[in-house]
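Fold and geometry: a report
If you want the building blocks of each chain, they are given just below.
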Amino acid sequence: MYKGLSPLFEEIQTMRDKYFNTAIFKSSIHTRSVPDKWSVAESIYHCYLLLKLTRITSAYYLPMARIYMQLRRPKIKRYIDDMENIYRGKTMKAPFILKPKMKREYTLEELRGLLEEETEKMKFCVEPLTKEQCYWIRYPDPVPKYPNVVQAVKLLRIHEDHHYTVVIERERQYREKSREESF
C-alpha cells in the first residue's frame, strides 16, 4: 500500500475510538431523540453503508483504472491530496441506497465490527496501488469534485466525523432539554 494511505486509515481508527468511547455512543443508541432524524445506530450504519459502497465500487473500478493508466502512461503533474469538508453547511439528503434500513438492532460492538471489516476490505482494495495511481485515478463522483484515491479515503473520514458530530450534538441538546423539562 502507498505509504501515504496508512496514516489516513489510522486517523479513521483514532476518530472512531474517540466517538465510540463517548457516553452517548454507549447509551441507548437505537432511540431517536428527534423523530425524523437518525439515531446513533442508524448514523453509524449509514457510515457503514457508504464505506461498503465505496469499497465495492473500488473493487471493480480500481483494477480497470490501473490498466487504463498503464496503457496511457500519464505523467503525474501534481499530487493533490487536499479534501474540503463537503458536508459543512447545508446538509444533503442521503440517496436511497445509503439510507439505514437495519433488519435488527445491532449492538455498538457489532456496528463497530461492520465498520472495521469494511475498512479492512477497503485497505485490501487500495493495497496494490502505487503513489502515482493513488493520485491519478479519480472516482466518477461529481459531488466531491471527482476525488482521487487519497482524497476518497480522506472523504470517508470526513463523512464519518460529520455524522458522529451531528448525532452527538443532537443527543446532547435532547438530554439538556429533557433535564430542563424534568425540573
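Residues numbered from 1 in each chain as written. Predicted model: local features only at pLDDT ≥ 70, side-chain atom pairs only at ≥ 80, totals over all residues. Heavy atoms only, no water.

This brings us to the packing of aromatic side chains. The tally for this structure, following the rule as stated, stands at 11 aromatic pairs. A network of ring pairs unites the aromatic residues Tyr19, Phe20, Phe25 and Tyr164 as a single cluster. If you follow arginine 112 out to its NZ or CZ, it ends over the ring of phenylalanine 20, 5.1 Å from the centre. The cationic tip of lysine 131 hangs over the ring face of tyrosine 79; the distance from NZ or CZ to the ring centre is 4.5 Å. (Phe/Tyr/Trp six-rings, centres within 6.5 Å; stacked < 30°, edge-to-face > 60°. Lys NZ or Arg CZ within 6 Å of the ring centre and 35° of its normal.)

Here we come to the pattern of salt bridges. Summed over the entire model, instances satisfying the criterion amount to 12 salt bridges. For glutamate 160, the salt bridge identified is with arginine 16, shortest N-O distance 2.7 Å. One end of the pair, glutamate 160, is in helix α6 (residues 149-182); the other, arginine 16, is in helix α1 (residues 6-20), with 144 residues separating them in the sequence. Accessibility assignment for this pair places glutamate 160 and arginine 16 in one class, buried. Measuring nitrogen to oxygen at the nearest pair gives 3.9 Å for the salt bridge that ties glutamate 118 to lysine 121. (Salt bridge = Lys/Arg side-chain N within 4 Å of Asp/Glu carboxyl O. Helix = DSSP H or I, 4+ residues; strand = E, 2+ residues; numbered from the N terminus. Buried < 20%, exposed > 50% of the residue type's maximum accessible area, 1.4 Å probe, protein only.)

Right, let's talk about the layout of surface pockets for a bit. By volume, the largest pocket amounts to about 1,100 Å³. Contributing to the lining of the largest pocket are 36 residues, with His46, Lys93, Ala94, Pro95 and His159 lying nearest its centre. A total of 9 residues in the lining of the largest pocket trace back to one element, the largest contributor, which is α6. Each residue belonging to the lining of the largest pocket can be placed in one class, and the counts come to 21 nonpolar, 8 polar and 7 charged. Residue lining of the second largest pocket: Lys75, Ile76, Lys77, Arg78, Ile80, Tyr135, Trp136, Arg138 and Asn148, and that is the complete set. Its residues assigned to classes, the lining of the second largest pocket comprises 4 nonpolar, 1 polar and 4 charged. (1 Å grid on protein atoms, 1.4 Å probe; cavity = no way out; pocket = protein on both sides within 12 Å on 5 of 7 lines; lining within 4 Å. Points joined across faces, edges and corners; volume = space filled by probe spheres on them. Nonpolar A, V, L, I, M, F, W, Y, C, P; charged D, E, K, R; others polar.)

Next up on the list: the environment of alanine 59. Inspection of the secondary structure puts alanine 59 in helix α3 (residues 40-72). Take alanine 59: its relative accessible area is 35%, and that puts it in the partly exposed class. Along the primary structure alanine 59 and lysine 18 are separated by 41 residues, whereas in three dimensions their C-alpha atoms are 29 Å apart.

Note that predicted coordinates carrying low pLDDT should not be read in detail. Chain-level statistics for the chain give a pLDDT mean of 92 and a share of 99% at 70 or above. Averaged pLDDT values over the elements of the chain bottom out at 89 in α6 and peak at 98 in helix α4 (residues 108-126). (pLDDT = per-residue confidence, 0-100.)

This part covers the environment of glutamine 151. Structurally, glutamine 151 can be placed in helix α6. Contact partners of glutamine 151, with chain neighbours within four places excluded, come to Ile80, Asp81, Asp82, Met83, Arg138 and Tyr146. (Contact = heavy atoms within 4.5 Å.)

In this approach a probe as big as a water molecule rolls over the atoms, and the regions it shows empty are the leftover space. As enumerated under the stated definition, the model contains 1 cavity of 30 Å³ or more in all. For the largest cavity, the calculated volume is near 40 Å³. Around the largest cavity, the lining residues are Arg16, Cys47, Leu50, Leu51, Leu156, His159 and Glu160. Counting only elements with at least two residues in the lining of the largest cavity, the list comes to α3 and α6.

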